[in-house]
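Structural overview
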Number of protein chains: 2
Amino acid sequence: MLADYLQRREKLIAEDRALRIDHVRANYSAAEIKADKVVRSIRAKEAVSVWGVDHENIPHPYPGMEFLNAKEIIVKTDLFSKIVSKMPKGGLLHLHQNTSVEARMVLDLALGHPAIHIRVPGPLDAASLETVLPKIQPIPVEQYPAADAIGITDLLYTGGWVPINKARELFDPALGGPAGFDKWVLSTFVINPSDAFKTYNTPMKIWLKFGSTFAVTDPIIRFVPIQKEYLRTCIRSSIDDGISYIEIRTSFFKKYILAEDAKTKLELRELLLIFREVINEVKAEMKAKGREDDFAGLKIIYNTLRIISVEELEAELDRCSRFKQEFPDLIAGKSACKPLIYYAEPLLRFAEQHPDIPFIFHAGETLGDGSAADMNLYDAILLGTKRIGHGFSLAKHPKLMQICREKKIAIEVCPISNEVLRLTSSMPMHPLPIIMNQGIPVVLSSDDPAMFNSMGLSFDFFQVLVASEVTGLLTLGQMARDSITYSMLDERSKRKAMDAWERRWTKFIDEVAAMSP
Amino acid sequence: MLADYLQRREKLIAEDRALRIDHVRANYSAAEIKADKVVRSIRAKEAVSVWGVDHENIPHPYPGMEFLNAKEIIVKTDLFSKIVSKMPKGGLLHLHQNTSVEARMVLDLALGHPAIHIRVPGPLDAASLETVLPKIQPIPVEQYPAADAIGITDLLYTGGWVPINKARELFDPALGGPAGFDKWVLSTFVINPSDAFKTYNTPMKIWLKFGSTFAVTDPIIRFVPIQKEYLRTCIRSSIDDGISYIEIRTSFFKKYILAEDAKTKLELRELLLIFREVINEVKAEMKAKGREDDFAGLKIIYNTLRIISVEELEAELDRCSRFKQEFPDLIAGKSACKPLIYYAEPLLRFAEQHPDIPFIFHAGETLGDGSAADMNLYDAILLGTKRIGHGFSLAKHPKLMQICREKKIAIEVCPISNEVLRLTSSMPMHPLPIIMNQGIPVVLSSDDPAMFNSMGLSFDFFQVLVASEVTGLLTLGQMARDSITYSMLDERSKRKAMDAWERRWTKFIDEVAAMSP
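Residues numbered from 1 in each chain as written. Chains lettered and ligands numbered in written order. Predicted model: local features only at pLDDT ≥ 70, side-chain atom pairs only at ≥ 80, totals over all residues. Heavy atoms only, no water.

It is worth spelling out the interface of chain A and chain B at this point. Counting residues at the interface gives 54 residues for chain A, matched by 54 residues for chain B. Regarding the contact of chain A and chain B, the summed buried area is about 5,300 Å², with carbon and sulfur atoms giving 64% of it. Taken together, chain A and chain B are joined by four salt bridges. The salt bridge partner of Asp379(A) is Arg9(B), with a shortest N-O separation of 2.7 Å. Remark: the boundary between chain A and chain B carries 19 residue pairs in polar contact (both at pLDDT 80 or more). Of all the elements in the fold, those that place two or more residues in the side of chain A that touches chain B are α1 (2-16), α10 (203-221), α14 (344-353), α15 (372-382), α16 (398-407) and α18 (432-437) of chain A. A per-element tally of the side of chain A that touches chain B places α1(A) first, with nine residues. For the side of chain A that touches chain B, the residue count by class is 28 nonpolar, eleven polar and 15 charged. (Contact = heavy atoms within 4.5 Å. Buried area = accessible area lost by both parts, 1.4 Å probe. Salt bridge = Lys/Arg side-chain N within 4 Å of Asp/Glu carboxyl O. Polar contact = N/O pair within 3.5 Å; in protein donor to acceptor, adjacent residues only side chain to side chain. Helix = DSSP H or I, 4+ residues; strand = E, 2+ residues; numbered from the N terminus. Nonpolar A, V, L, I, M, F, W, Y, C, P; charged D, E, K, R; others polar.)

Pasting the structure below:
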């Protein structure tokens, strides 16, 4: 009786998981199967040895817990340092450009350029430090303050521009001096645990903090000499994390970038020229090192903001198609965020006129059931989106899941972003397994990693791996493959990128399989 | 172009929602449609007027927020006081007996009986008050302490039994006197916000608190004179909340109840006699008031604990079938909680021998993906469960959802329990809409309402109603209908209960439809 029962049980489990990408692919190599076992064994051990014990200042540790609290533990695990961080990740397909470089690096770039100045409303003290947001931006040389300008913590300071380096040097020692300056500025660049879990602990509130950090860093990045170095750093650090291709969402909402003189407003076309230059430069660099497999390129997804009118969208669509004509390899697609139904008419027309520019919409980044952001899923799909950004609420929609499965619309799942922005309280609460088990292709993405202090893809991959006993290394491998399959690379480049990834994967798998579990 | 688009959009939304219970039923009356609109309008207004403003001591209010923080706001809303609390709820199908009466009432029952005594390890002070759990139980008269016994906060107290009334009277005024005593004792009976959101803020940790409260109240309830009053209160207060039928899970893990003399251990058969007596009493009471429609009865689901061995289970199954023979109307089914696969053999045999005693298993009350509690779902279904208790992780299992839909296995969803026990951080994060949209029957249940301070079903219904823009009053109505359809009532009693419910529903709908929205 029991034997028969166990047989029926095996069959039912297999049927239940039949649609998962890691079950659809069946011909795993012996090394892959061995490596997967090694990883499951390390994960099971560390569930006890790392996540089952108390850590100083980290209440209630568990696998997949809040990332901002868990990060120091994560980086010390073998699973992270020996496995996930070494894995070839494939493509990073959902990344906002203005949060694509680590906060510390952005501050260093700002400190490294003499045009960058800082301003606050009046002298900073211990109390105002908690709430004041600085303005940091390049200013033209004729506006530079006199050389004897005082610091922003000086009682005589009246709110004018101070060179950022000087403001740092002169920062009141009682507030920590230069190190205190860095700590304060960086806290305005990122979301801190106290923001996410106390001050702004709801999906609605955390957006306030989210918006404020963009406002602080944007003028630094929108400056040609820094922009160039910023993009270079983004690509290089991604490559270091095992990412071999990037689709970056760039907002063209502000209509210029600032030239080296900090005065001349350059057209956005100049920004695309910078992209092309830096991409070619890094490609040449990788080729010179014999590492061509490690970087297949970068494309831009033309992003617009949720707040524009239909007329403004028409102008944006126009600019997007002009850019596509001039930079056909650089423009991957078009993304928009407002309730899509509002823009249905111009978008339908654009789709008809420009079959070469696919839509890649954000939709369903919400806890709502039937709310506007949730309803966007219907429109994204009806408008023909190639992928869906976030799709967090997709699990509620059986018919839409069926369509995504059948039409191979991949979901760009951003685990850490969803958790820090409070759509889910921890990774085990995330709907990712629901989506995966429905046979819908998934690519893991980092969204705004600078803001979450989660650079690269390793942290997102890690959180997914520890939050499930079904998912294993081979699942992550399939997701990496899918990130190339569902990229906007042309067919030839895609095959090339996939071949390169497979070579790296085989090498990686051999290394993992050789570890003693 | 747009007109065609909008038409396709309507069609897609309808297809996506086609399986929902509130869409399957189509022939709503004009009054039902009107009442649903009234409710949606009140909900939309209060989303702004109540949930959109700050409340003292309640950070970040929003609809569906943590129940323990939200309760004071909820009871003041029109949606709760004028609509949800008045609605006929149908059956309450998932309720643990030992948490079925409000904590304050249990304390009053204890204070009302001279045999009930209290004991703590030594004199209580402000510090130990935070951590010490009292022992409260009936003791035989010959063990009563001398009449001049001192209080439990007296420095000379050495840890003996004190009559609970006396302990209350003598409670140190510096610790609040009798009111301070009540506050302290009640805090050991329930889960407080600080337990759920601070001290034990994970699904693993909160179980510690959960278990401790059972240990405190169990000896009070397991005493015949109190047991009787306890059950009477449970039924009466449920009726007051619009519940007309109850299936209560009673644990037969401890093998006796204590007689009036606080000495004689009575067989559990006596407990069933008490049930029969009280049920008949309340039925007669309702009949005398002309309110027969308001109570269709109560059945017991024979519950076992997760910790027993296979041999112990065999004995339990044996007792269960003997009880079913003697009390055929009283025993609704059999429920067990440990990894079910462990018990597969005896359960399979029992099912074959006792087709009259259906299984009603807990399964999937977990955030795990592939964990033992998650895997229980496969076994519950293979073993032929009639309903699933919780089924929280069911959304991850496409094949199992299909089976539940086809075989009409209803899910006993316990919204507030899941949230307080930290499976979900708020109602909008709950997977209920996923399950509903897959066409799986759902009954809302309260689980352990005394522990969550959520007596009745109104609070659970309310949280579900405010957390979705798709769900409306008619959805709640269908859930109430389903709670009768998927009850263990025999066919004749079911029809009778349903007819009674429909009469009450029609009256309720007319009242709501007459409200100005």
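So much for the structure itself; the text now carries on.
Residue and element names in this part refer to chain A. Inspection of the secondary structure assignment puts Ser426 in the loop between α17 (415-420) and α18. Ser426 gets classed as buried once you look at its relative accessible area, which sits at 2%. Among all residues touching Ser426, those that are not within four sequence positions of it are Tyr62, Gly64, Met65 and Glu419. (Buried < 20%, exposed > 50% of the residue type's maximum accessible area, 1.4 Å probe, protein only.)

Further remarks concern a positive patch on the surface. Residue and element names in this part refer to chain A. Where like charges cluster on the molecular surface, the positive patch consists of Lys283, Lys287, Arg492, Arg495 and Lys496. Of all the secondary structure elements, the ones that give two or more residues to the positive patch are α12 (268-288) and α22 (491-513). Sort the elements by how many residues they give to the positive patch and α22 lands first, with three residues. (Patch = residues over 30% accessible without salt bridge, like charges linked within 9 Å, V, L, I, M, F, W, Y side chains within 5 Å. Areas by Shrake-Rupley, 256 points an atom, 1.4 Å probe, with all protein chains shown as cover. Lys, Arg positive; Asp, Glu negative; His and termini not counted. Charge placed at Lys NZ, Arg CZ, Asp CG, Glu CD.)

The relative placement of two packed helices comes down to the angle between their axes together with the axis-to-axis distance. Residues and elements named next belong to chain A. Contact geometry for helix α6 (residues 103-111) and helix α8 (residues 177-189): axes closest at 10 Å, N-to-C directions at 120°. When the axes of α6 and α8 are compared, the pair comes out oblique. Regarding α6 and α8, the two cross each other, and that crossing is right-handed. For the pair α6 and α8, contact is made by Ala103, Arg104, Val106 and Leu107 and by Asp182, Val185, Leu186 and Phe189, respectively. For the contact of α6 with α8, the class distribution of residues is six nonpolar, no polar and two charged. (Axes fitted to C-alpha atoms, helices over the stretch in contact; angles between N-to-C directions. Parallel < 35°, antiparallel > 145°, perpendicular 65-115°, else oblique. Left-handed = near helix turned anticlockwise from the far one by under 90°.)

For the rest of this paragraph, the subject is a nonpolar patch on the surface. A surface patch of nonpolar side chains, about 260 Å² in accessible area, is lined by Phe253(A), Leu305(A) and Ile307(A). Relative to the helices and strands, Leu305(A) is located in the loop between β8 (297-303) and α13 (310-326).

Turning our attention to the sheet that holds strand β2 (residues 116-119) of chain B. All names here are of chain B. Strand order in the open sheet formed by three strands is β3-β2-β4, and the pairing between neighbours is antiparallel. Edge positions in the sheet fall to β3 (135-138) and β4 (162-163), since each of these pairs with one other strand and no more. Where β2 lies against β3, four bridges are found, and the strand directions are antiparallel. Within β3, the position partnered with Arg119 by the bridge is Lys135. (Pairing = 2+ DSSP bridges.)

Interfaces are frequently sized by the accessible area removed from exposure as the parts join. Residue and element names in this part refer to chain A. Each assigned domain of chain A is listed with its residue range as follows: domain 1 (82-104 + 215-508) and domain 2 (105-214). In this structure, domain 1 and domain 2 have C-alpha centres spaced 30 Å apart. With 35 residues of domain 1 at the contact, the number on the domain 2 side is 37 residues. For the pairing of domain 1 and domain 2, the buried interface totals around 3,000 Å² over both sides, and the portion due to carbon and sulfur atoms is 69%. It is Arg104, Val216 and Met451 in domain 1 that bury the most area against domain 2; as a group they hold 27% of the surface buried on that side. Seen at the junction of domain 1 and domain 2, the total is three salt bridges. Taking the shortest distance from any N to any O, the salt bridge between Arg104 and Asp108 comes out at 2.8 Å. Here domain 1 and domain 2 share 20 residue pairs in polar contact (both at pLDDT 80 or more) between them. (Domains from an automatic or database assignment.)

Our next topic: the nonpolar core. If you look at the biggest cluster of nonpolar residues, it comprises 329 residues, and the most contacted ones within it are Ile152(A), Trp184(A), Phe189(A), Ile152(B), Trp184(B) and Phe189(B). Excluding residues within four positions of it along the chain, Trp184(A) makes contact with Ile118(A), Val120(A), Leu124(A), Leu129(A), Val132(A), Pro134(A), Ile152(A) and Phe171(A). (Core = buried A, V, L, I, M, F, W, Y, C linked by side-chain atoms within 4.5 Å.)

Here we come to the sheet that holds strand β10 (residues 361-363) of chain B. Residue and element names in this part refer to chain B. As summarised here, the arrangement of the four strands in space is β10-β11-β12-β13, forming an open sheet in which the pairing is parallel. Of all strands in the sheet, those with a lone pairing partner are β10 and β13 (442-444), marking the two edges. Across this sheet, the average inter-strand angle for adjacent strands is 30°, counted without regard to direction. With three bridges connecting them, strand β11 (residues 387-390) and strand β12 (residues 410-413) associate as parallel partners. Counted as the bridge partner of Arg387 is Ala410 from β12. Seen against the sheet, helix α15 (residues 372-382) touches β10 and β11 and runs at an angle of roughly 145° to β10.

Residue and element names in this part refer to chain B. With respect to the element layout, Ile150 can be found in the loop between β3 and β4. In this structure, the C-alpha to C-alpha distance between Ile150 and Gly472, residues 322 residues apart in sequence, is 57 Å. Setting aside residues up to four positions removed in sequence, Ile150 forms contacts with Leu156, Tyr157, Val162 and Leu170.

The next point concerns the relation of the copies chain A and chain B. For the pair chain A and chain B, the best superposition has an RMSD of 0.0 Å and corresponds to a rotation of 180° with a translation of 0.0 Å parallel to the axis. Taken together, the rotation and translation relating the two chain copies correspond to the operation of a two-fold axis. Relative to the rotation axis, the C-alpha of Ser425(A) is the closest in chain A, positioned 3.3 Å from it. Of the residues that chain A buries at the interface, 100% are likewise interface residues in chain B, meaning the two copies contact each other through the same surface. (Least-squares fit on C-alpha atoms with pLDDT ≥ 70 in both.)

The buried fraction of β8(A) is high, at seven of seven residues. Burial along β8(A) is two-sided: the residues Gly297(A), Lys299(A), Ile301(A) and Asn303(A) and Leu298(A), Ile300(A) and Tyr302(A) are all buried.

Given a rise of 1.5 Å per residue, 20 residues ought to cover 28 Å, and the 29 Å separating the end C-alpha atoms of helix α3 (residues 30-49) of chain B matches this to within 8%. Where α3(B) is buried, its residues contact α5 (78-83), α20 (458-466), α21 (473-485) and α22 (491-513) of chain B. (Expected span 1.5 Å × (residues − 1).)

Any two side chains of opposite charge can pair, so long as their charged atoms come close to each other. All names here are of chain A. Overall, the coordinates contain 66 salt bridges over all chains when judged by the stated rule. A salt bridge links Arg40 to Asp36; the nearest nitrogen and oxygen atoms lie 2.8 Å apart. Within this pair, Arg40 and its partner Asp36 are both found in helix α3 (residues 30-49), separated by four residues, close to a single helical turn. Taking relative accessible area as the criterion, Asp36 reaches 11% and is therefore assigned buried. Between Lys263 and Glu142 there is a salt bridge, with its nearest N and O atoms 2.8 Å apart.

So, about α22(A). Residues and elements named next belong to chain A. In a regular helix each residue adds 1.5 Å, so 23 residues correspond to 33 Å; α22 covers 32 Å between its end C-alpha atoms and thus fits that length. Taken together, the buried positions of α22 are Lys494, Ala497, Met498, Ala500, Trp501, Arg504, Trp505, Phe508, Ile509, Val512 and Ala513. Here α22 starts with a cap whose side-chain oxygen sits 3.1 Å from the backbone nitrogen of Arg492, and that cap is Asp490.

This brings us to unusual backbone geometry. Backbone geometry at Asn57(A) places phi at a positive 65°, although glycine is not the residue there. Position of Asn57(A) relative to the elements: it lies in the loop between α3 and α4 (67-76). Taking the relative accessible area as the measure of exposure, Asn57(A) reaches 75% and is therefore exposed. You will see that Asn453(B), though not glycine, has its phi angle at about 60°, which is positive. Note that Asn453(B) resides in the loop between α19 (449-452) and α20.

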